[in-house]
Amino acid sequence: MSVLLASLVAVAGLWYSSVQTRQANQQARDDRALAKEGQITDRYTAAVGNLGEDKMDIRLGGIYALQRIMQDSTRDQSTIANVLATYVRTHAVKPPAKYRSVPEDIHAALIVLTTRETAHDAGFRLDLRGARLQQVELAPVHGAPGAALAGADLRAVDLNHSILDNADLSGADLSGANLNGASVLHADLRQADLGNADLHYANLSEADLSDTNLFGVNLSRAQMFDADLSGAELFAAELSDAVLSGADLSGADLKDVDLDGVALLDTNLSGANLAGADLRGARHLTKEQLNSARVDGKTRLPASLS
C-alpha cells in the first residue's frame, strides 16, 4: 500500500510540474508577443512621423520602414497600405515638372503598394483616385510579378506615358483615367472598367482585355497586336488608326464604331457585333472576317467588299 501511495504522489508531482512548465512557457510566449507588439507600435509611430518631414531621405526612410513593418506583421498590412495610398493621393495632386517623373517618395510608395503580398490584404482595396502619376515606371524587375493593381480604384488617375507592363489590373476601375502613350504590354485587364479613359497612342499588345468595359474609350493610334478583346464593350469607342492585327475581338461589341484606318490583319471577328459600324476605312479586312461577324443593313463596308 505504501508503495502505491508513493507512486501516486510521484505521478501527481510530475503532472503538477508539467502544468507549471506549460504555464510558464505560455506566459513567456505572451510576454514576447506583447513586447513584439509594443516594438511594432513604436516602429509604426516613428515611420509615420517621418512621412511628414521636409527632407526627402527621411521621408523615404519612413516609407521603407513601413514596408518592413508590413512584412514583419502581416495583420497590419491593410492599415499600412491605406496610409501609403493616402500619402500618394495627397502628395500627387499636381503633375510633375515637364519631362520629369513623379518624386522619389511617391515612386517608392507606389513600388511598396504594387509589390505587396496581396494574400494579406484582408479586404484592402487600393485607392489612388485622381493621383497625378505621369511617366511612373511600375514594370516588374528580374522576372518578378507585375504591379499588383487588381481591383484598384484608379478613377481619373493620370498615368500618361507610364510603364505598366505585365501589371495585374483585372477588375480595376480606370474609368476616366489618362493612359495616353502608356505601355501596358502583357497586362491583365480582364473585367476592368476603362469607360471614357484615354489610351491614345497606348501600347496594349498582348494584353488581356476580355470582358472589359471600353465604352467611349479613346484608343486612336493604340497598338494592340495580339491583344485579347473577346467580349469587350467598345460601343462609342474611338479607334481611328488603331492596330488590332492578330487581336481577338470575338463576341466584342463594336456597334456603330468608326473603324477608319484600323489595321485588322488576322483579327478574329467571330461573333463580333458590327451593326452600324463604319468599316469603309478599315485596313486588311477580308470577306471571311465579315462572314464570321454580325453585320446589319447599316454596317458600312469597303467598296471592295460591298
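Description of the structure in this document.

Scoring rules and cut-offs
Residues numbered from 1 in each chain as written. Predicted model: local features only at pLDDT ≥ 70, side-chain atom pairs only at ≥ 80, totals over all residues. Heavy atoms only, no water. Buried < 20%, exposed > 50% of the residue type's maximum accessible area, 1.4 Å probe, protein only. Helix = DSSP H or I, 4+ residues; strand = E, 2+ residues; numbered from the N terminus. Contact = heavy atoms within 4.5 Å. Axes fitted to C-alpha atoms, helices over the stretch in contact; angles between N-to-C directions. Left-handed = near helix turned anticlockwise from the far one by under 90°. Nonpolar A, V, L, I, M, F, W, Y, C, P; charged D, E, K, R; others polar. Expected span 1.5 Å × (residues − 1). 1 Å grid on protein atoms, 1.4 Å probe; cavity = no way out; pocket = protein on both sides within 12 Å on 5 of 7 lines; lining within 4 Å. Points joined across faces, edges and corners; volume = space filled by probe spheres on them.

## Describing helix H4 (residues 104-114)
Taken across its 11 residues, H4 has 8 buried, putting it largely inside the fold. Residues Asp105, Ile106, Ala108, Ala109, Leu110, Val112, Leu113 and Thr114 constitute the buried set of H4. If you follow the buried residues of H4, they end up packed against helix H2 (56-72) and helix H3 (77-91).

## Some thoughts on the packing of H3 against H4
Relative orientation of the contacting elements H3 and H4 amounts to 145°, with a least axis distance of 10 Å. Seen from above, H3 lies across H4 with left-handed handedness. Mapping the contact onto sequence places Ala81, Leu84, Ala85, Tyr87, Val88 and His91 in H3 and Asp105, Ile106, Ala109, Leu110, Val112 and Leu113 in H4. The residue makeup of the contact of H3 with H4, split by class, is 10 nonpolar, 1 polar and 1 charged.

## With respect to the environment of Arg68
Looking at where Arg68 falls in the secondary structure, it is placed in helix H2. Separated by 24 residues in the primary sequence, Arg68 and Tyr44 have C-alpha atoms spaced 9.9 Å apart.

## Here we look at the environment of Leu239
As for its position among the elements, Leu239 is in the loop between H4 and helix H5 (287-292). For the pair Leu239 and His200, spaced 39 residues apart in the sequence, the C-alpha separation amounts to 9.0 Å. Apart from the residues within four sequence positions on either side, Leu239 is in contact with Leu219, Ser220, Met224, Leu254, Val257, Asp258, Leu259, Asp260 and Val262.

## Describing H3
Between its terminal C-alpha atoms H3 stretches 21 Å, which fits the 21 Å expected from 15 residues at 1.5 Å a residue. Those residues of H3 that fall on the buried side of the exposure criterion are Gln77, Ser78, Ile80, Ala81, Leu84, Ala85, Tyr87 and Val88.

## Notes on empty space enclosed by the protein
What the rule picks out here adds up to 3 cavities of 30 Å³ or more. Looking at the largest cavity, its volume works out to about 50 Å³. In this structure, the largest cavity is lined by Leu110, Thr114, Leu128, Leu133, Leu138, Leu149, Leu154, Val157 and Leu159. Looking at the lining of the largest cavity residue by residue, the classes come out as 8 nonpolar, 1 polar and no charged.

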